[in-house]
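So the chains spell out like this:
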Amino acid sequence: MNVDEATIQERCTDAVFERGVNYREEGRIQRLDWFDDCVTATVQGSNLYHIVVEFGERILDTRCTCPYDGSGDCKHVVAVLLEVAATPLRDERENVDAVLVDVSAKDLRAFVRDVLVEHVELRDQFLARFG
């Protein structure tokens, strides 16, 4: 699914759209990564918020860790979507796939173990999928 300004405006209120524009222009997007059909980002608001945008063929699924409970997307998501629309991102999937070809099973297991020790949410996902 391609994202443009009109699509983004349809997903939120006018006030939220304007605040998202301001957040993007103020440089509040701290990190933005694209991997496969998923964009992850962090945006500085009153706290640092984590955003996930999953692109499907006809659907766009967005999540933010902020407490916004209004209609549509929050200003953090809007800022990220505007950045994606304005600046095509580079998909890191090819880089990861190229590295995975040369990584031994032993090294990969050690890496996964280290990551799972530090990230409880990933550990839960890992165990749910493979446990």
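Small disclaimer: the values here were computed from a predicted structure and weren't measured. (Residues numbered from 1 in each chain as written. Predicted model: local features only at pLDDT ≥ 70, side-chain atom pairs only at ≥ 80, totals over all residues. Heavy atoms only, no water.)

Participant: Looking at this structure, how should I read the overall build of the protein?
Facilitator: Of regular secondary structure, the protein possesses six helices and four strands. Reading the protein from its N end, one meets helices and strands in the order α-α-β-β-β-β-α-α-α-α. Judged by the C-alpha coordinates and their principal axes, the protein covers about 50 × 30 × 30 Å. Counting only residues that meet the buried cut, the protein has 27% of its 131 residues in that class. (Helix = DSSP H or I, 4+ residues; strand = E, 2+ residues; numbered from the N terminus. Buried < 20%, exposed > 50% of the residue type's maximum accessible area, 1.4 Å probe, protein only.)

Participant: Sorry if this is basic, but what is going on with a negative patch on the surface here?
Facilitator: Judged by side-chain charge, Asp4, Glu5, Glu10, Asp14, Glu18 and Glu25 come together as a negatively charged surface patch. Per element, the largest residue contribution to the negative patch is three residues, and it comes from helix H2 (residues 14-25). Relative to the assigned elements, glutamate 10 resides in helix H1 (residues 5-10). (Patch = residues over 30% accessible without salt bridge, like charges linked within 9 Å, V, L, I, M, F, W, Y side chains within 5 Å. Areas by Shrake-Rupley, 256 points an atom, 1.4 Å probe, with all protein chains shown as cover. Salt bridge = Lys/Arg side-chain N within 4 Å of Asp/Glu carboxyl O. Lys, Arg positive; Asp, Glu negative; His and termini not counted. Charge placed at Lys NZ, Arg CZ, Asp CG, Glu CD.)

Participant: Sorry, what's going on with the packing of aromatic side chains here?
Facilitator: Using the criterion set out here, one finds one aromatic pair in the structure. Positioned above the aromatic ring of tyrosine 23 is the side chain of arginine 28, whose terminal nitrogen or guanidinium carbon lies 4.2 Å from the ring centre. (Phe/Tyr/Trp six-rings, centres within 6.5 Å; stacked < 30°, edge-to-face > 60°. Lys NZ or Arg CZ within 6 Å of the ring centre and 35° of its normal.)

Participant: What's the story with the sheet that holds strand E4 (residues 60-64) in this structure? I'm lost.
Facilitator: Sheets are built from strands that pair by backbone hydrogen bonding, the pairs being arranged parallel or antiparallel. Across the sheet, four strands lie side by side as E1-E2-E3-E4; this open sheet has antiparallel pairing. With one partner strand each, in any of the chains shown, strand E1 (29-35) and E4 form the two edges of the open sheet. Sheet twist, expressed as the mean angle between neighbouring strand axes with direction ignored, is 15 degrees. Contacts from helix H3 (residues 75-86) reach E1, strand E2 (38-44), strand E3 (48-55) and E4, with the element oriented near 55 degrees to E3. (Pairing = 2+ DSSP bridges. Axes fitted to C-alpha atoms, helices over the stretch in contact; angles between N-to-C directions. Contact = heavy atoms within 4.5 Å.)

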